[in-house]
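Results of the structural survey
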Amino acid sequence: MDFKQQVVDALVKVLPEEITEEQITKLIEKPKTSDLGDYAFPTFILAKTMHKAPNMIAEDLVGKIETADFEKVVNTGAYINFFLDKKEFSNNVLHEVLTKKNEYGNADEGKGRNVPIDMSSPNIAKPMSMGHLRSTVIGNSIAKIIKKLNYQPVKINHLGDWGTQFGKLIVGYKMWGSEEEVEADPINNLLKYYVRFHKEAEEKPELDDEARAWFKKMEDGDKEALDLWSWFKELSLKEFQTIYDRLDVQFDHFTGESFYNDKMDAIVDTLEEKGLLKESRGAEIVDLSEYDLSPALIKKTDGATLYITRDLAAAKYRKDTFDFVKSLYVVGSEQAEHFTKLKIVLKKMGYDWADDIVYIPFGLITTGGKKLSTRKGNVILLDNVLNDAVDLAKKQIEEKNPDLKNKDAVAEAVGVGAVVFHDLKNDRRDSFDFNLEEVVRFEGETGPYVQYTNARALSILRKAGAVDYNVDDLAVTDEEAWDTIKLLQDFPNVVDRAASEYEPSVVAKYVLKLAKSFNQYYAHSKILAEDEGLKARLALVKSVSIVLQMSLALLGVKAPEEM
Ligand code: ARG
């Protein structure tokens, strides 16, 4: 049932004809507090046509509006305030949630439409950074959100598995490494060689020439170079996989940069045909000065290709393969210029679908206000972060619920969930500081708080035993329940908004509100009291747990039954 439409219908009947239904729909507001009703209509724009002061207009109109559908309709200054019929509203919403269950909020707009999502995309032979974690969890959540609208997400891990850095790594490994050392602790040791390479190359620039030569060998198909590279890659992927498993994130494709090696010639040819390539000091570039941008570097002097060359090939490949409606890239905001250039070059090549490429930037994670950099070796290791979060979660569970069964599994769900939730609750463009104690708290705006609320709802339902909700009257009329019921009704809009803004924080903020309002309700009412309202109250609790779990699932956070 569309309650807003009820308000629109009531207004259409009493407003002058020149105000269209569409205008009315746009003008309707949701008051901040319930004492001003559930919907409000401002009458200011009528002043001209009706030659009256807005508050007079509001007063007149209230007398004319049919009130049968509402609890009441009143005027406050220039506004007309509509109070919904709580009984009907509650009955309607709870029935809808309980019949649709996990399909509540689903829509069909994306049917048959592919949406590739470039996400995670860490660099081989380096630790996965907090930035890659952000890309992973934001991308994963967006995939789940758009899937609810029946889009077909295609999750692509565009691994950084090609480029001059592998030349550096080979040089470093050959000078300072050994097979045993690498096998023992692959990523840390490879990182060690890489960091040392950068340090020593400051004094010995010839190392850089050597590294370039090794990368060139890779591009030319040299066996020794490629064997080392694929060994590094295999070891790195194994370590990344442990993190993906903990996060419960799966990919449809692990097509990294190297996948496009045989697809770049075609790109370079097209650039040439269209007269876009220019030579500049031996390198091949696309000039972008008309956009006030530095040129897009397509090939270096030695013929080596670059990051953007591979992204051009990848973009085209995705269009050819998936015929996407949108192609998403979840990548840190420091790469904004890269994606601006990518789209411009594709457009210049004559690919109008470049407009369907959506760059989804996100802000940095800092610790103690400091930015983290791999080159200098001061990264936080993601696995350690997750371990620490799980330890903290375990401590709190021991205190709160020492008898809990499968404590370790719950602690894993709570600790990892806390990190993921924290990452998603802020607008993705915002940078934020990472403080573990904050993240894993059971109170406040955290993942564990939402998980705890859901566990509380489930425990009430366990106490109540089996209930048949298939009854006509599920009206909860307690004043304290009203906000919760309205939030439940809002869920489909929340999913919609999160999808259209590619913004998981819309869901995270919503679920925090729902948890908070439910806890307030719980504190103020005797849910399990044996009276005639019991069934409806349990239906409310059940609906809340369904929507809490669905929201957490959309964020990629687990919902333990007990904690
Ligand atoms: N590997 C890159 C990095 O860590 C991110 C790749 C993003 N995706 C892309 N298609 N460029 O910075």
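What you are looking at is a predicted structure, and each value in this text was computed from that prediction instead of being measured.

Concerning the overall build of the protein
- When you go through the protein residue by residue, the secondary structure sums to 21 helices and 12 strands.
- Within the protein, buried positions represent 41% of all 563 residues.

What about the UniProt feature "domain: DALR anticodon binding" (unreviewed entry) in the protein?
- Per the UniProt record, "domain: DALR anticodon binding" (unreviewed entry) is found at residues 450–563.
- In residues 450–563, the share of helix is 67% and the share of strand is 0%. The end C-alpha atoms are 11 Å apart.

Quick notes on the confidence of the model for the protein
- Per-residue confidence for the protein gives a mean pLDDT of 93, with 98% of residues at or over 70.
- Confidence drops under pLDDT 50 across residues 374–378; counting only partners more than four residues distant or on other chains, this segment forms eight contacts.
- For this predicted complex, the interface confidence comes out at an ipTM of 0.99, alongside a pTM of 0.92.

Topic: the pairing of strand β5 (residues 152–156)
- Across the five residues that make up β5, a large majority, four, are buried.
- When strand β4 (residues 114–118) meets β5, the two strands line up parallel, connected through five bridges. Within β5, the position partnered with V115 by the bridge is P153.
- The parallel pair β4 and β5 is bridged by helix α6 (residues 130–148), and the resulting crossover is right-handed.

Structural notes on the domain arrangement of the protein
- The domain architecture assigned to the protein consists of domain 1 (3–84) and domain 2 (383–555).
- Here domain 1 and domain 2 have C-alpha centroids that lie 35 Å from each other.

Focus on the nonpolar core
- Among the nonpolar cores identified, the biggest contains 117 residues, and A389, V507 and V511 are the most heavily contacted of them.
- Ranked by residues supplied to this core, first place goes to helix α21 (residues 534–555) with 13 residues.
- Split by domain, this core shows at least three residues from each of two domains, domain 1 (3–84) and domain 2 (383–555).
- Ignoring sequence-local partners within four residues, the contact set of A389 consists of G415, V416, A418, V419, L436, V439 and V440.
- In this structure, I124, F166, A211 and F232 belong to the second largest nonpolar core, which totals 23 residues.

Here's the deal with the packing of helix α19 (residues 482–500) against helix α20 (residues 505–524)
- Taken N-terminus to C-terminus, the directions of α19 and α20 make an angle of 175°; their axes are 10 Å apart at the nearest point. Classified by the angle their axes make, α19 and α20 are roughly antiparallel. Contacts between α19 and α20 involve D483, T484, L487, V494, R497 and A498 from the former and V506, V507, Y510, K513, L514, S517, F518 and Y521 from the latter.
- Class assignment of the residues belonging to the contact of α19 with α20 gives a composition of nine nonpolar, two polar and three charged.

Some points on the UniProt feature "short sequence motif: 'HIGH' region" (unreviewed entry) in the protein
- Under the UniProt annotation, "short sequence motif: 'HIGH' region" (unreviewed entry) lies at residues 122–132.
- The annotated region residues 122–132 carries 27% helix and 0% strand content, and the separation between its end C-alpha atoms amounts to 6 Å.

Some details on the site of the ligand
- Neighbouring residues of the ligand: D118, S121, N123, H158, G160, D311, A314, Y329 and V331.
- Of the residues assigned to the shell around the ligand, the class counts are three nonpolar, four polar and two charged.

Considering the sheet that holds strand β3 (residues 79–84)
- What the three strands build is an open sheet, ordered β1-β3-β2; its pairing is antiparallel. Only two strands of the sheet have a single partner each, and these edge strands are β1 (39–42) and β2 (70–76). When strand polarity is set aside, the average angle formed by the axes of neighbouring strands in this sheet is 20°.
- Across the face of the sheet, helix α4 (residues 54–64) comes into contact with β2 and β3 while running at roughly 160° to β2.

A closer look at the sheet that holds strand β9 (residues 327–330)
- Spatial strand order, β5-β4-β9-β10: four strands in an open sheet with parallel pairing. A strand with exactly one partner marks an edge of an open sheet, and here the two such strands are β5 and β10 (357–360). Sheet twist, expressed as the mean angle between neighbouring strand axes with direction ignored, is 20°.
- Note that β9 and β10 share four bridges and pair parallel. Residue S327 lies in a different strand from β10, and its bridge partner there is I357.
- Contacts between helix α13 (residues 307–322) and the sheet are confined to β4, β5, β9 and β10, with β4 contributing the most and set at about 150° to the helix.

Scoring rules and cut-offs
Residues numbered from 1 in each chain as written. Predicted model: local features only at pLDDT ≥ 70, side-chain atom pairs only at ≥ 80, totals over all residues. Helix = DSSP H or I, 4+ residues; strand = E, 2+ residues; numbered from the N terminus. Buried ≥ 20, exposed ≤ 12 C-beta atoms within 10 Å, placed from the backbone. UniProt positions renumbered as here; feature names shortened; annotations may be inferred. pLDDT = per-residue confidence, 0-100. Contact = placed C-beta atoms within 7 Å. Pairing = 2+ DSSP bridges. Right-handed = clockwise from strand over helix to strand, strands pointing away. Domains from an automatic or database assignment. Core = buried A, V, L, I, M, F, W, Y, C linked by C-beta atoms within 7 Å. Axes fitted to C-alpha atoms, helices over the stretch in contact; angles between N-to-C directions. Parallel < 35°, antiparallel > 145°, perpendicular 65-115°, else oblique. Nonpolar A, V, L, I, M, F, W, Y, C, P; charged D, E, K, R; others polar. Near = placed C-beta within 6 Å.

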